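A look at the structure
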Amino acid sequence: MKKENGFKKQKKILDNRENIDLKSQFKTVKTGVKNGVFIFSKPLTVEELSQKLNKSSSDILKFFFMKGVMKNINTLLDENEIGELCLEFNFDFEKRIEIDETNILSNLNVVDDEKDLKPRPPIVTIMGHVDHGKTTLLDYIRNTCVAKGEAGGITQSIGAYQVKKDNNIITFIDTPGHAAFTEMRARGAHATDIVILVVAADDGIKPQTIEAIDHAKAAKVPIIVFINKCDKPNINIDNVLSQLSEHELTSEKWGGDTITVEGSALTGMGVNKLLEAIITLSQVMELKANPNRLGMGVIIEANLDKGLGPVASVIIQNGTVAKGDMLIAGASYGRIRAMLNDHNEEINLAYPAQPVKITGLNAVPQSGDHFVISNNEKDIKEIAEHIRLYQINEQNRERELLSVDADTNSKRLIIILKADVHGSLEAIKNMLGKMNVDGVSVVFLRGATGGITKSDVELAKASKGIIIGFNVKPNKAVKDLANMQQVPIYFFDIIYRLSETVEKIMKKSLDPIYVEEETAEAEVKQIWTYSKVGTIIGCGINSGEINRNDQARVLRDGVVIAKTKIASLRHGKEDITKISSGKECGITLENFNDVKVGDIIQTFKIVEKQII
């Protein structure tokens, strides 16, 4: 009878779930100046921004030139650069979110009626310094609280699991440390309700502890501190509490509002008290969700299984997910073919805060991707295709960055950097950016938190770069791909060793030194445009000698607006190979026609510099 009532309850939910109309939430933003405020929604090129601000591109290029940064009219400016320019030109600025197919999944605005909301379990992430006991705590909770009375226990990891304590369910994300938390935050996913900060009683607060505190605070997630290893002799709890208070985590014992629990993940001391604290805090937070709508949530892990195809582990944040539902996660989509809970049991319906593993997607999504269930299969396929093309364009744009320094005399060590936390990422980038090895510069083609992916390997292969992982490692599939593509991957957990290795690589990378040697300078006197030829530039040569195969740069108001090559050289009606100072000539440039009277054309060649 109980099972029959369960089926009736599931059928009632399935029959009455509210659909999400994805396209109805699209929102456009009109870019431009309004009442002295420049409103924009995405990166803009120098040329686009000059038109929107009604300022000359030369002024914008000059602004960056004075800061020692070379750009051209096609350079894409990010949010910070646009903000700097607005302040320079006495505009206030405001970035607004434009919602379209490419970002709808991370910007859904779902409003539920209060009467439809039901209490849901809290989702908990455990963080802290390495070796302070994060994994031991997760293992103890899993082994003692999950398997008890459950057939089979947990037979395979799905990236998260649920425990029951006094008829209250708690969901733990089964990835200790910062990687999962920061990767999800970086992708706009807020899947954690409570952070358990593990601090060893015999060691106190360490650098990764501080990073964990900073990340939890930035995400506005409440922290419960578990003071671990209290079974050891000669520990100083008061010292730990003092250190915590220095980071605005004053214990309730000291009159603050931070819950602290003393215990041992090894023996289980204090673990029950920790679980009770989680339940109490979650009840105060009044966590709720609407089970009577189509589900949405976050991808925790995903991989390609030889027998099952793409497999994704997800946590449901709102609504319910059923076998047979149509799901979209990033550029991946499909109808759920099978759904397993954290005991490896096949189920038909999953509820808010429940972790499940699903099959049926057409491709492997990324960790941190938002997923949404919708009845409109046509919309799902269209949105997924837009996201796929957007991701391809972003990868192509990253590859275009490879040409930024193509004309300099410096060899570049191209690095794809992946780290466990944002703090480490920025510290490493700053350190390597200041590294001084004559003739070699460091270019960060990609820097992000999270694990090393196939996309990183493909980018490194295309760019002839290396991958550096700090406190992160790739899975076997990524390792195999890197070996096959002969992409070097270096792993570190100590920054100074990373620095030493990169310096050695840079010194081995030294090529013969080449420099630009200027050959001539000419001023643009007249311009003719012919459809078959393009722009013919009439010049007077001020100094030097122009050769037919010289490289060239175009300057406007002292700012380089283009680097190119001489395509043709004429004197009168004759094609010539060179022409010297004091004479006039006609020039065409390769792939550049935006020349104005008064511009300066400097020609040069690359020569090898002999080192004595």
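Remember, predicted model here, so these are calculated numbers, not experimental data. (Residues numbered from 1 in each chain as written. Predicted model: local features only at pLDDT ≥ 70, side-chain atom pairs only at ≥ 80, totals over all residues. Heavy atoms only, no water.)

**A short note on the sheet that holds strand 18 (residues 332-340)**
Condition: Only strands that DSSP links by at least two bridges are regarded as paired with each other. A run of H or I in DSSP becomes a helix once it reaches four residues, and a run of E becomes a strand once it reaches two; helices and strands are each numbered from the N terminus. Helix axes are fitted only over the stretch in contact, all axes being lines through C-alpha atoms; the angle between N-to-C directions runs from 0 to 180 degrees.
With antiparallel pairing, the 6 strands of this closed barrel are ordered in space as 14-15-20-18-17-21. On average, adjacent strands in this sheet sit at an angle of 45° to one another, irrespective of strand direction. Pairing of strand 14 (residues 296-305) with strand 15 (residues 309-318) involves 9 bridges; the strand directions are antiparallel. Looking across to strand 15, one finds that Gly297 is bridged to Ile316.

**A look at the packing of aromatic side chains**
Basically, it comes down to this: Aromatic pairing here means that ring centres of Phe, Tyr or Trp (its six-membered ring) are within 6.5 Å. Orientation follows from the plane angle: under 30 degrees is stacked, over 60 is edge-to-face, and everything else is tilted. Lysine NZ or arginine CZ positioned within 6 Å of the ring centre and within 35 degrees of the ring normal marks a charge as sitting over the ring.
Scanning the entire structure with this criterion turns up 3 aromatic pairs. Geometry around Phe64 places Lys71 over its ring, the cationic atom sitting 5.0 Å from the centre. Here the basic side chain of Arg553 rests over the ring of Phe604, its NZ or CZ set 4.3 Å away from the ring centre.

**As for the sheet that holds strand 8 (residues 160-165)**
Strand pairing in a sheet relies on backbone hydrogen bonds. The paired strands run either parallel or antiparallel. Strand order in the open sheet formed by 6 strands is 8-9-7-10-11-12, and the pairing between neighbours is mixed. Whereas interior strands pair on both sides, the edge strands pair on one side only; in this sheet they are strand 8 and strand 12 (259-262). Across this sheet, the average inter-strand angle for adjacent strands is 30°, counted without regard to direction.

**Thoughts on the packing of helix 3 (residues 57-66) against helix 4 (residues 79-88)**
When two helices pack together, their arrangement is given by the angle between the helix axes and by the axis-to-axis distance. Here is the rule we go by: Working definition: roughly parallel below 35 degrees, roughly antiparallel above 145 degrees, roughly perpendicular at 65 to 115 degrees, and oblique for all remaining angles. A contact between two residues is defined here by any heavy atoms of the two lying within 4.5 Å. Residues are grouped as follows: Ala, Val, Leu, Ile, Met, Phe, Trp, Tyr, Cys and Pro are nonpolar; Asp, Glu, Lys and Arg are charged; every other residue, Gly included, is polar.
Contact pair helix 3 / helix 4: the axes reach a minimum separation of 11 Å and the direction vectors enclose 105°. In terms of orientation, helix 3 and helix 4 fall into the roughly perpendicular class. In this structure, helix 3 contributes Ile60, Phe63 and Phe64 to the contact, and helix 4 contributes Glu81, Glu84, Leu85 and Glu88. Of the residues that constitute the contact of helix 3 with helix 4, the class distribution is 4 nonpolar, no polar and 3 charged.

**Notes on the nonpolar core**
To keep things clear, this is the line we draw: Throughout this description, the term nonpolar core refers to a set of buried Ala, Val, Leu, Ile, Met, Phe, Trp, Tyr and Cys residues connected via side-chain atoms within 4.5 Å. Here the term buried applies to any residue with accessible area under 20% of the maximum for its type, exposed to any over 50%, and partly exposed to those in between, with areas from a 1.4 Å probe on protein chains only. Segmentation of the chain into domains, including their bounds, is taken from an automatic or database domain assignment.
Within the largest apolar cluster, 38 residues are counted, with the highest numbers of intra-cluster contacts made by Leu49 and Leu589. Here this core gathers at least three residues from each of two domains, domain 1 (25-95) and domain 5 (513-609). Ranked by size, the runner-up nonpolar core spans 24 residues in total, among them Tyr161, Ile194, Ile196 and Ile278.

**Points about the environment of Ser41**
The topology assignment puts Ser41 in the loop between strand 2 (37-40) and strand 3 (44-45). Taking the C-alpha atoms as reference points, Ser41 and Ile97, separated by 56 residues in sequence, lie 5.6 Å from one another. Ignoring anything within four residues of it in the chain, the contact list for Ser41 reads Val29, Thr31, Lys95, Arg96 and Glu98.

**Some thoughts on a nonpolar patch on the surface**
Note the cut-off: Note that patches include only residues with greater than 30% relative accessible area and no salt bridge, and the join distances are 9 Å for like charges and 5 Å for nonpolar side chains (Val, Leu, Ile, Met, Phe, Trp, Tyr). All accessibility values rest on the Shrake-Rupley procedure with a 1.4 Å probe; residue burial counts only the protein chains present in the view. Salt bridges, as used here, are contacts in which a Lys or Arg side-chain nitrogen is within 4 Å of a carboxyl oxygen on Asp or Glu.
Together, Phe65, Met66 and Met70 make up a nonpolar patch on the protein surface, roughly 330 Å² of accessible area in all. Positionally, Phe65 belongs in helix 3. For Phe65, a relative accessible area of 35% gives the class partly exposed.

**Focus: the side chain of Gln162**
Convention followed: Whenever a nitrogen or oxygen atom comes within 3.5 Å of another N or O atom, the pair is scored as a polar contact, on the condition that within protein one atom can donate a hydrogen and the other can accept it, and that pairs from neighbouring residues in sequence are kept only if both atoms are in side chains.
Tracing the chain through its elements places Gln162 in strand 8. You can call Gln162 buried: its relative accessible area is 17%. Here Thr171 takes part through its side chain, which lies 3.0 Å from a polar atom of the side chain of Gln162.

**Some details on the confidence of the model for the chain**
Predicted coordinates in areas of low pLDDT are best not read in detail. For clarity, the threshold we go by: The pLDDT score gives, residue by residue, the confidence of the prediction method on a 0 to 100 scale.
Summing up the model confidence of the chain, the mean pLDDT is 83 and the portion of residues at 70 or higher is 86%. Overall, residues 147-156 carries pLDDT values under 50, and its contacts beyond four positions in sequence, including any with other chains, amount to 17 contacts. Predicted confidence is poor over residues 400-409, with pLDDT under 50, and the contacts of this stretch with residues over four places away or in other chains come to 14 contacts.

**Details of the pattern of salt bridges**
Following the criterion strictly, the structure yields 26 salt bridges and no others. Measuring nitrogen to oxygen at the nearest pair gives 2.3 Å for the salt bridge that ties Lys23 to Glu382. With Lys23 in the loop between helix 1 (2-16) and strand 1 (32-34) and Glu382 in helix 10 (residues 377-400), this residue pair connects regions lying 359 residues apart in the sequence. For Glu382, a relative accessible area of 28% gives the class partly exposed.

**Looking at the environment of Lys323**
As for its position among the elements, Lys323 is in the loop between strand 16 (321-322) and strand 17 (326-329). Sequence spacing of Lys323 and Ile336 is 13 residues, and the spatial spacing of their C-alpha atoms is 5.4 Å. With sequence-adjacent residues up to four places away left out, Lys323 is seen in contact with Ile336, Arg337, Met339, Glu346, Ile347 and Asn348. For Lys323, the side chain forms a polar contact with the side chain of Glu346, separated by 3.4 Å.

**What to know about the environment of Asn475**
Counting through the fold element by element, Asn475 comes out in the loop between strand 24 (466-470) and helix 13 (476-485). Classification of Asn475 as partly exposed rests on a relative accessible area of 43%. Each C-alpha atom, one on Asn475 and one on Thr453, is 8.2 Å from the other, the two residues being 22 residues apart in sequence.

**Considering unusual backbone geometry**
Working note: non-glycine residues mostly have negative phi, and peptide bonds are mostly trans. Phi is positive for Asn167, which is not a glycine, with a value near 65°. Residue position: Asn167 is located in the loop between strand 8 and strand 9 (168-173). The class for Asn167 is exposed, based on a relative accessible area of 73%. The phi torsion at Glu286 lies on the positive side, around 50°, for a residue other than glycine. Residue Glu286 is classed as exposed on the basis of its relative accessible area of 58%.

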